[in-house]
Amino acid sequence: MALSNGDTKEITGDPRDGPRHTEGAVVILDAGAQYGKVIDRRVRELFVQSEILPLDTPAFAIREQGFRAIIISGGPNSVYAEDAPWFDPAIFTIGKPVLGICYGMQMMNKVFGGTVHRKNVREDGVFNISVDNSCSLFRGLQKEELVLLTHGDSVDKVADGFKVIAQSGNIVAGIANEQKKLFGVQFHPEVDLTERGREMLKNFLFEIAGCSGDFTVQNREEACIQEIKEKVNNSKVLVLLSGGVDSTVCTALLNKALNQDQVIAVHIDNGFMRKRESKSVEEALKKLGINVKVVNAAHTFYNGTTTLPISDEDRTPRKRISKTLNMTTNPEEKRKIIGDTFVKVANEVIGEMNLKPEEVYLAQGTLRPDLIESASTIASSKAEVIKTHHNDTELIRRLRDEGKVIEPLKDFHKDEVRALGRELGLPEDIVSRHPFPGPGLAIRVICADEPYVCKDFAETNNILKIVVDFSASVKKPHTLLQRVKSCISDEEQETLMQITSQHSLNAFLLPIKTVGVQGDCRSYSYVCGISSKDSPHWESLMFLSRLIPRMCHSINRVVYVFGPQVKEPPTDITPTFLTTGVLGTLRQADFVAHVILRESGCAGKISQMPVILTPLHFDRDPLQKQPSCRRSVVIRTFITSDFMTGIPATPNNQIAEEVVLKMVNEIKKIPGISRVMYDLTSKPPGTTEWE
């Protein structure tokens, strides 16, 4: 049996340890996609049994286990790279229908003699593509469909025997060999951002693969309770409560599964909570009959440290002690320090209560997306780290390996947790509450001690000038203009001409970095700011926010800067750390924005609204050499159902513009605030949080 990434490699034995009987099920081969678990969830929603297996699962194991069809997920690798993941090419020739998604399509194309190349243009976001709706995969769809694309590599030569069934401009977005029931799509049909992706999956599962749709998942509440009882037995469980929906549902499950004296609920105030948050958490949980011990550990967290590798390149076991949290600027290090400090404080609580550590389990409301973004092997053995979640640090993983961590929600997505909460009888204001990250405001302060200005800063700024002044730029040929044109379709060029001839815009890089997800990989890149002479035209701004990261791969986020047109963008930063003054400013801005959102009645339309403090001071005359001493706030409205993908709320559409403007005006009154910005970025290429 041969495994392949273009070459072959012999394997011996059956890595699946004998066949399992999964007649009629679909196997999802995991190539490391951030959305791998979402594929599994979408298939289950259509009442088809599914199982996720590693990409290198041999074809004979798939055949022997009786799987009816194969779906290959996307992934962060390149099929032509030397370290491309191994797979068995026979998966395409055992007579099973195959749907290759993103990386899966490129694998399929390469195996059958096609070629894949990295192109100048990358697509990260929602785009209109043309589809051949005579193809069985797209039957019943329109000739144009809105889909999520997130890739840098593209099919160059289409494989023999395959035809193109979808295109995004000049880029191949789908291929098929209908006779062999082999289909590949460059986009992600499994996510909400692909508007009719569910129908595409339905066509594949029922029309092409002939699945029966009679698989109903057993009552998941009972399964969770049974798992808790079997694992805990008579021991005690310490549950760390943030007051958010995940940890509250986790606690409610524990209370239902165990005796009350077995469950120790602790709310740790890490000093990064919202205004009056800890008090409201304690009151809300007491109403549910959950007694909570509140621990004020702000000082411990501010001065917390952890152990880290000597450097990113160092592969030895050697470690270094990190800086204290209040002097740390790296977002990954901040998250790791916070996660490990949570465990240290929990151990102190266990000691204070005279409990034996070996007889106490740690429970937390970890969800599937947390594990996927942290590249935890529980969710995906191959996913790229986008950000380390505070509940999936190295220390947590070590406790998990020792069997000391209980995570009953680890196979759930956010909307499923809300549904489970309602089943458990939790009140709607708890169940539908906006998520708030465990690290709290600590990851909503962009800490920096120097500006982020790389060698591509000037060139990228020049490209941005061409984009927002496209109607004038086309009259003056330039090599960078050709680069811009090569990245967009004729139709997009027309739209860009129209926008830039009607609106006076300015676009520029901001000297800070934020975390994003591009092509299933983590990015840590520039933010692009856009300002306008006139009132913002939101549809045009949203169009630009989708276009710019495609042309400039070093940009993963686009914001609109309120106020007068920015003439001199900041090139330096206000040194910013997690100090009480900085946190106090953000806490007030967050409080003001959320009060306005709640009072407007728009809160139900928004899934989450992070408010971020950045170290940017605008409107300084460079000739006067005024130092950077103020900071600016970003409002990040986010709409999603699965938190793996999502879109910003467009003012005058999903949220009233006057609500946004009221937030802006009230935040500007806070001392020390320079400007207010609005995040225009979908996920991908930007993550929900900025860090």
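Our structure's up above, just so we're on the same page.
Residues numbered from 1 in each chain as written. Predicted model: local features only at pLDDT ≥ 70, side-chain atom pairs only at ≥ 80, totals over all residues. Heavy atoms only, no water.

Things to note about the packing of aromatic side chains
Okay, step 1: Per the counting criterion, the structure on display carries 11 aromatic pairs.
Okay, step 2: With centroids separated by 5.6 Å and ring planes inclined at 70 degrees, the aromatic side chains of Phe457 and Tyr526 adopt a geometry described as edge-to-face. With Phe457 in helix H14 (residues 457-468) and Tyr526 in strand S20 (residues 521-532), this residue pair connects regions lying 69 residues apart in the sequence. Judged on exposure class, the residue Phe457 and its partner Tyr526 are both buried.
Okay, step 3: Site record: aromatic cluster; members linked through ring pairs are Trp538, Tyr560, Phe562 and Tyr678.
Okay, step 4: One residue, Lys404, lies across the ring of Tyr361, its end atom 4.6 Å from the ring centre. (Phe/Tyr/Trp six-rings, centres within 6.5 Å; stacked < 30°, edge-to-face > 60°. Helix = DSSP H or I, 4+ residues; strand = E, 2+ residues; numbered from the N terminus. Buried < 20%, exposed > 50% of the residue type's maximum accessible area, 1.4 Å probe, protein only. Lys NZ or Arg CZ within 6 Å of the ring centre and 35° of its normal.)

Here we look at the packing of helix H19 (residues 580-600) against helix H20 (residues 657-668)
Okay, step 1: In the contact formed by H19 and H20, the axes pass within 9 Å of each other and the chain directions differ by 155 degrees. The pairing of H19 with H20 is recorded here as roughly antiparallel in orientation. Read as a crossing pair, H19 and H20 show a hand that is right-handed. Taking contact as the criterion, the partners of Ala589, Val592, Ala593, Ile596, Leu597 and Ser600 in H19 are, on H20, Val659, Lys662, Met663, Glu666 and Ile667.
Okay, step 2: When the residues that make up the contact of H19 with H20 are grouped by side-chain class, the tally is 8 nonpolar, 1 polar and 2 charged. (Axes fitted to C-alpha atoms, helices over the stretch in contact; angles between N-to-C directions. Parallel < 35°, antiparallel > 145°, perpendicular 65-115°, else oblique. Left-handed = near helix turned anticlockwise from the far one by under 90°. Contact = heavy atoms within 4.5 Å. Nonpolar A, V, L, I, M, F, W, Y, C, P; charged D, E, K, R; others polar.)

Description of the side chain of Asn556
Okay, step 1: Tracing the backbone shows Asn556 in strand S21 (residues 555-561).
Okay, step 2: At 2.9 Å, the side chain of Asn556 forms a polar contact with the backbone oxygen of Thr514.
Okay, step 3: Filtering out sequence-adjacent residues up to four positions away, Asn556 remains in contact with Thr514, Val515, Gly516, Gln518, Ser523, Tyr524, Ser525, Tyr526, Thr681, Pro685 and Gly686. (Polar contact = N/O pair within 3.5 Å; in protein donor to acceptor, adjacent residues only side chain to side chain.)

Quick notes on the pairing of strand S11 (residues 182-185)
Okay, step 1: Residues of S11 alternate between two faces, with Leu182 and Gly184 on one and Phe183 and Val185 on the opposite face, all of them buried.
Okay, step 2: Bridge count for strand S6 (residues 98-101) against S11 is 4 bridges, and the pairing is parallel. When the bridges of S11 are listed, Val98 appears paired with Leu182.
Okay, step 3: In the sheet, strand S10 (residues 171-177) pairs with S11 via 4 bridges, with the strands oriented antiparallel. Residue pairing in the sheet places Ile175 in a bridge with Gly184 of S11.
Okay, step 4: Counting the residues in the hairpin turn of S10 and S11 gives 4 residues, including Lys181, whose phi is positive at 60 degrees. (Pairing = 2+ DSSP bridges.)

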